[in-house]
Amino acid sequence: MRIVMVGSGYVGLVSGACFADFGHEVVCVDKAEDKIEALKNGVIPIFEPGLDQLVENNVEAGRLSFTTELAGPVSEADVVFIAVGTPSRRGDGHADLGYVHAAAAEIAAAVKGFTVVVTKSTVPVGTGDEVERIIRETNPGADVAVVSNPEFLREGAAIEDFKRPDRIVVGLSDERARAVMTEVYRPLYLNQSPLLFTSRRTSELIKYAANAFLAMKITFINEVADLCEKVGADVQDVSRGIGLDGRIGSKFLHAGPGYGGSCFPKDTLALAKTAQDYDSPVRLIETTIAINDNRKRAMGRKVIAAAGGDVRGKKIAVFGLTFKPNTDDMRDSPSIAIVQALKDSGAIVSGYDPEGMENARQMMEIDFATSPYKAAEGADVAVLVTEWNAFRALDLNRLKSVMNSPVLVDLRNVYRAAEVEAHGFAYHGVGKAV
Ligand code: UDX
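Since we're looking at a predicted model, the values are computed, not measured.

**Some details on the site of the ligand**
Then, in step 1: Of all residues adjacent to the ligand, which total 18 residues, the nearest are F152, L153, E155, K324 and R412.
Then, in step 2: L153 places a main-chain nitrogen or oxygen 2.9 Å from an oxygen atom of the ligand.
Then, in step 3: Expressed as a share of its isolated accessible area of 660 Å², the protein-covered part of the ligand is 93%.
Then, in step 4: No other element matches the 3 residues that helix 10 (residues 200-231) contributes to the shell around the ligand.
Then, in step 5: The residue inventory of the shell around the ligand, partitioned by class, reads 9 nonpolar, 3 polar and 6 charged.
Then, in step 6: Built from parts of two domains, the shell around the ligand gets at least three residues from each of domain 1 (2-198) and domain 2 (234-434).

**Digging into the UniProt feature "binding site: NAD(+)" (unreviewed entry) in the chain**
Then, in step 1: UniProt's feature table lists "binding site: NAD(+)" (unreviewed entry) at D30, K35, T86, T122, E155, K266 and R331, given in the numbering used throughout. Their sequence span is 302 residues, while the largest C-alpha to C-alpha distance among them is 24.0 Å; these annotated residues do not converge on one region.
Then, in step 2: Residue position: K266 is located in helix 12 (residues 264-277).
Then, in step 3: In contact with K266, not counting residues within four places along its chain, are T86, P87 and S88.
Then, in step 4: A distance of 3.3 Å separates a polar atom in the side chain of K266 from a polar atom in the side chain of T86.
Then, in step 5: Position of R331 relative to the elements: it lies in the loop between strand 9 (315-319) and helix 14 (334-344).

**Let's talk about the state of the cysteines**
Then, in step 1: Taken as a whole and assessed by the stated rule, the structure comprises 0 disulfides.
Then, in step 2: The cysteine C28 is free of any disulfide, with C18 supplying the nearest cysteine sulfur at 11 Å.
Then, in step 3: Classification of C28 by relative accessible area gives buried; the value is 0%.

**Brief notes about the domain arrangement of the chain**
Then, in step 1: Assigned domains within the chain: domain 1 (2-198) and domain 2 (234-434).
Then, in step 2: When each unit is reduced to the centre of its C-alpha atoms, the spacing between domain 1 and domain 2 is 33 Å.
Then, in step 3: At the junction of the two partners, domain 1 supplies 18 residues and domain 2 supplies 19 residues.
Then, in step 4: For the pair domain 1 and domain 2, the two sides together bury roughly 1,300 Å², of which 50% comes from carbon and sulfur.
Then, in step 5: A per-residue breakdown of the area domain 1 buries against domain 2 is headed by F47, H94 and E155, which together make up 44% of the total.
Then, in step 6: Viewed at the interface, domain 2 and domain 1 are joined by 1 salt bridge.
Then, in step 7: Of the charged contacts, one joins E155 and R331 as a salt bridge, the two residues approaching to 3.8 Å between their closest N and O atoms.
Then, in step 8: Inspection of the region where domain 1 meets domain 2 yields 6 residue pairs in polar contact (both at pLDDT 80 or more).

**Considering the environment of C28**
Then, in step 1: By the element assignment, C28 lies in strand 2 (residues 25-29).
Then, in step 2: C-alpha separation for the pair C28 and A215, spaced 187 residues apart in sequence, amounts to 31 Å.
Then, in step 3: When neighbours within four sequence positions are excluded, C28 is seen to be in contact with M5, S8, G12, G16, I36, L64, S65, F66 and T67.

**Considerations on the sheet that holds strand 11 (residues 367-368)**
Then, in step 1: A sheet is described by the order of its strands in space; here 6 strands give the open sequence 11-10-9-12-13-14, paired in parallel fashion. Of all strands in the sheet, those with a lone pairing partner are strand 11 and strand 14 (426-428), marking the two edges.
Then, in step 2: Examined bridge by bridge, strand 10 (residues 348-352) and strand 11 share 2 bridges and lie parallel to one another. Counterpart to G351 in the pairing with strand 11 is F368.

**Looking at the UniProt feature "active site" (unreviewed entry) in the chain**
Then, in step 1: If you check UniProt for "active site" (unreviewed entry), the listed places come out as C263 in our numbering.
Then, in step 2: Mapped onto the elements of the fold, C263 is located in the loop between helix 11 (235-243) and helix 12.
Then, in step 3: If near-sequence neighbours (up to four positions away) are discounted, C263 is found in contact with N211 and T268.

**Let's talk about the packing of aromatic side chains**
Then, in step 1: The final tally for this structure, using the stated rule, is 9 aromatic pairs.
Then, in step 2: Plain terms: the ring middles of F19 and F162 are 5.2 Å apart, the flat faces sit at 85 degrees to each other, and that makes the pair edge-to-face. One end of the pair, F19, is in helix 1 (residues 10-21); the other, F162, is in helix 7 (residues 158-163), with 143 residues separating them in the sequence. The exposure classification of F19 matches that of F162, with both residues buried.
Then, in step 3: For the pair F252 and F264, a centre-to-centre distance of 6.2 Å together with 65 degrees between the ring planes defines the contact as edge-to-face. Residue F252 is located in the loop between helix 11 and helix 12, and its partner F264 is located in helix 12; the two are separated by 12 residues in the primary sequence.
Then, in step 4: The class for F252 is partly exposed, based on a relative accessible area of 25%.

What counts and how
Residues numbered from 1 in each chain as written. Predicted model: local features only at pLDDT ≥ 70, side-chain atom pairs only at ≥ 80, totals over all residues. Heavy atoms only, no water. Near = heavy atom within 4 Å. Polar contact = N/O pair within 3.5 Å; in protein donor to acceptor, adjacent residues only side chain to side chain. Areas by Shrake-Rupley, 256 points an atom, 1.4 Å probe, with all protein chains shown as cover. Helix = DSSP H or I, 4+ residues; strand = E, 2+ residues; numbered from the N terminus. Nonpolar A, V, L, I, M, F, W, Y, C, P; charged D, E, K, R; others polar. Domains from an automatic or database assignment. UniProt positions renumbered as here; feature names shortened; annotations may be inferred. Contact = heavy atoms within 4.5 Å. Disulfide = S-S within 2.5 Å. Buried < 20%, exposed > 50% of the residue type's maximum accessible area, 1.4 Å probe, protein only. Buried area = accessible area lost by both parts, 1.4 Å probe. Salt bridge = Lys/Arg side-chain N within 4 Å of Asp/Glu carboxyl O. Pairing = 2+ DSSP bridges. Phe/Tyr/Trp six-rings, centres within 6.5 Å; stacked < 30°, edge-to-face > 60°.

Printed below as a string of structure tokens:
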């Protein structure tokens, strides 16, 4: 299959590289000339484990290429994926579909012969209809089928998620498009990944419903964690105890500082707005959003309490700045609100992150250190915000020796209290009896 991927951001680049690895001929298009130039030179603009190798292999094999020119590749394509950004619209939380609509118009002007146009970007219900309308208006003679095919990959595990998905969701009504999409995903289908065909609107909603449910699941366990602290229970045992119930499942039950990232905050908000527009509010999700927003700030207060209630002039070391490990992505990371709360209360903040410091510099003014131990020099409290492997086996003796006072706030429950306390630290986890 000849595939064009419009948008070479996270989803576009990973999907494009994986499709090429399946044996398809893939052209990734992006308007950002510097990005395309970098990709042509083998420089990957994002940090994603394994992606550089996958891109290199497939470029070498002649199956993957990059360009800023959309028209040529689209005119020869069997399938064109739209994987451009859908940020939250300033002010109202709705998804901003400007890039999707612009891509649709450009694709319409360039298509030749039967072409399947697929939205992979996370888009609100009805966007497929709009894309189809734009294409028909721009090029009334175009022979296209518009399909929805949301992507469920997680940052940091994107290639594995793409190649071994729990399911592939495809929303369409055109039989020719169904045959093309089956071919596109044949290698996964042979791997027995379920291919679920639905209507386009259903497919669009599945993506939002999945992300909202996961955000709600995390938020649920975060509230239970707060309750655990009050009643003297342990949230990790509660998670295990409920997660072993097959109806609940053990995944996404890790209590922490609140969810962040490029998807959950944006998609929950967009779903809530869409639901309000249709006069069918999703109150659980509205509440989830509010609880999660509050939680990030509350984590700042938790750190301040661990420091004795007053952090004026005290130094706080933050371990991990990205919203999760194995990414350099800082979008909506809990660290942003936590650092802000600490600074607002007069603390001096230092931080270290294995991959995220370049992006973090755009978002916060703190002392960036070259290691967790450097960050902790003279600190009154160390806060573990992101569970990078680099923080899982810290040399606690060394850490204690460089700190002003040995206090560890572990917002990911990476450590066991007894182990840390045995090294002379005061330890504060999340959802642990205090
Ligand atoms: C998410 C979805 O998982 C993915 O299917 C979708 O395509 C995009 O959004 P991603 O944002 O990359 O992926 O990361 P994910 O691993 O889902 O984590 C999201 C946030 O939830 C992170 O801040 C993470 O720390 C937090 N989280 C996750 C928890 O706090 N507890 C958990 O148990 C799981």
